[in-house]
Amino acid sequence: MSDANSDLLPEGLEDRLPRDAATATRVMRAIQTAMHGHGYDRVMPPSIEFERSLASRMAGIQSRRMFRFVDPLSLRMMALRSDYTPQIGRIAETRLAEAPRPLRLCYAGQVVTIKPDGLNPAREKLQCGAELIGADNVAAAAEIVAIAIEALQAAGASGVSVDFTLPDLVDTLAEKALPLEPSQIEAVRRELDTKDAGGLRDVGGEAYVPLLYATGEFDAAIEKLSAIDAGGALASRIKALREIAASLNGTARLTLDPSERHGFEYQTWFGFTLYAQGVRGPVGRGGTYRIAGSGAGEAATGFSLYPDALIDVIAANEPAEDRVFLPLGHDRDEAARLRSIGWRTVAALSDADSAEALGCTHVLGAGGPENV
Ligand SMILES: N[C@@H](Cc1c[nH]c[nH+]1)C(=O)O
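Rules used in this analysis
- Residues numbered from 1 in each chain as written.
- Predicted model: local features only at pLDDT ≥ 70, side-chain atom pairs only at ≥ 80, totals over all residues.
- Heavy atoms only, no water.
- Buried < 20%, exposed > 50% of the residue type's maximum accessible area, 1.4 Å probe, protein only.
- Helix = DSSP H or I, 4+ residues; strand = E, 2+ residues; numbered from the N terminus.
- Pairing = 2+ DSSP bridges.
- Axes fitted to C-alpha atoms, helices over the stretch in contact; angles between N-to-C directions.
- Left-handed = near helix turned anticlockwise from the far one by under 90°.
- Contact = heavy atoms within 4.5 Å.
- Nonpolar A, V, L, I, M, F, W, Y, C, P; charged D, E, K, R; others polar.
- Polar contact = N/O pair within 3.5 Å; in protein donor to acceptor, adjacent residues only side chain to side chain.
- Near = heavy atom within 4 Å.
- Areas by Shrake-Rupley, 256 points an atom, 1.4 Å probe, with all protein chains shown as cover.

(A) Looking closely at the pairing of strand 15 (residues 362-365). Covered by surrounding structure in strand 15 are His362 and Leu364 only, the residues Val363 and Gly365 on the alternate face being uncovered. Pairing of strand 15 with strand 16 (residues 368-371) involves four bridges; the strand directions are antiparallel. Counted as the bridge partner of His362 is Asn371 from strand 16. Between the antiparallel neighbours strand 15 and strand 16 lie two residues.

(B) Inspection of the sheet that holds strand 16 at higher detail. Ordered by their spatial adjacency, four strands build an open sheet running 14-13-15-16, and the pairing between neighbours is mixed. The outermost strands of the open sheet, each flanked by one partner alone, are strand 14 (345-347) and strand 16. On average, adjacent strands in this sheet sit at an angle of 40° to one another, irrespective of strand direction.

(C) Examining the packing of helix 1 (residues 18-37) against helix 4 (residues 138-155) more closely. One can describe the packing of helix 1 onto helix 4 by two numbers: an axis separation of 8 Å at closest approach and a directional angle of 145°. Here the hand of the crossing between helix 1 and helix 4 comes out right-handed. Residue-level contacts link Val27, Ala30, Ile31, Ala34 and Met35 of helix 1 to Ile147, Glu150, Ala151, Ala154 and Ala155 of helix 4. A breakdown of the residues in the contact of helix 1 with helix 4 according to their chemical character gives nine nonpolar, no polar and one charged.

(D) Just the side chain of Gln267, in detail. Mapped onto the fold, Gln267 is located in the loop between strand 9 (253-256) and strand 10 (271-275). At 3.3 Å, the side chain of Gln267 and the backbone nitrogen of Glu265 are in polar contact. Beyond its immediate sequence surroundings of up to four residues, Gln267 is in contact with Pro167, Gly286, Gly287, Thr288 and Tyr289.

(E) Spotlight on the environment of Ile291. By the secondary structure assignment, Ile291 is in strand 11 (residues 284-291). In this structure the C-alpha to C-alpha distance between Ile291 and Arg57, which are 234 residues apart in sequence, comes to 6.0 Å. Not counting chain neighbours up to four residues away, the residues in contact with Ile291 comprise Arg57, Met58, Gly89, Glu93, Ile133, Gly297, Glu298 and Ala300.

(F) Representation of the site of the ligand. Close to the ligand lie 15 residues; Thr85, Tyr266, Arg285, Ser304 and Tyr306 are nearest. A distance of 3.4 Å separates an oxygen atom of the ligand from a polar side-chain atom of Gln127. Tyr306 is positioned with one of its side-chain polar atoms (N or O) 2.5 Å from an oxygen atom of the ligand. When isolated, the ligand has an accessible area of 300 Å², and the protein chains bury 97% of it. Listing elements by their share of the shell around the ligand, those giving two or more residues are strand 6 (124-133), strand 11 and strand 12 (298-305). It is strand 11 that provides the largest number of residues to the shell around the ligand, a total of four residues. Taken together, the residues of the shell around the ligand break down into four nonpolar, eight polar and three charged.

If you want it as structure tokens, here you go:
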């Protein structure tokens, strides 16, 4: 007797069945082809490694979101990857330390977190992305955003939009232009996150209130941000954002939300979130960061796409694929010829098999495939 409970999957974990899995394969391939075409070489780190190496790679990484356990062999703490970027950082800083910079690497696979984020209940997600190691300037950011948009479009996304942010905004302003006590900084960040003007005033962040309104369509919002630029503290960042936006040349809709921090654990001066029309929640994110190594660490820029929700939308709208049923005793050469020009064939194993039962759209007849 089968035990129904032992067949259940844990909350937030799912199988992809053939139709969805086929779409997922195509989407992942399209994204990887785009990254590969721009000179990014794929690397394949293991799914588990020492927790310390993952958690300490970039400032701000939260290892409490990772599945962790003691390795019975080494007796050291291990973690399951929740993000490829720190692993790419490790590879760049160790085995590829001597490789010429800028170093372009890409990755694709699954990541797992203990708790789902936001409204999405999934604990395992597909993640694919590219990291440009050795640069975090405007040119690097412009390349990374452009490839992220191109990859999403190649995967079948339409109506792509990009929301720019300045992840280290509060730290930059609190230093001098809009000074805050160290004890106030976290509270100001929190109120900015909830976009609560009243709360911001209550914690002594009155001067930060205008930032809540410098949001929306990029061109208008960046004007507002320049108007409130405290003593020029943000001038170089504003100029950089304008340059990145101009370089994208209308390939995607652009918005700005300078204080948005959601999902940005380790990004520095520049961050962006990607959306696609008809897809709920973000489909990707990226920005500039530093890989902690010796001293200040190496500068880098990258993006990660999370294509699961996009795959669901595409799969739901895709027509069923044609397949040709090959009756017993069919012409094998003809079947091979059909496959070579893109047909899928399904061969009968016994008289009991039929085109209908096996979901075939065609049967191989004397003159070629015939509609069922
Ligand atoms: N890995 C980050 C995005 C990123 C890639 N490179 C830089 N930032 C994330 O998934 O949130």
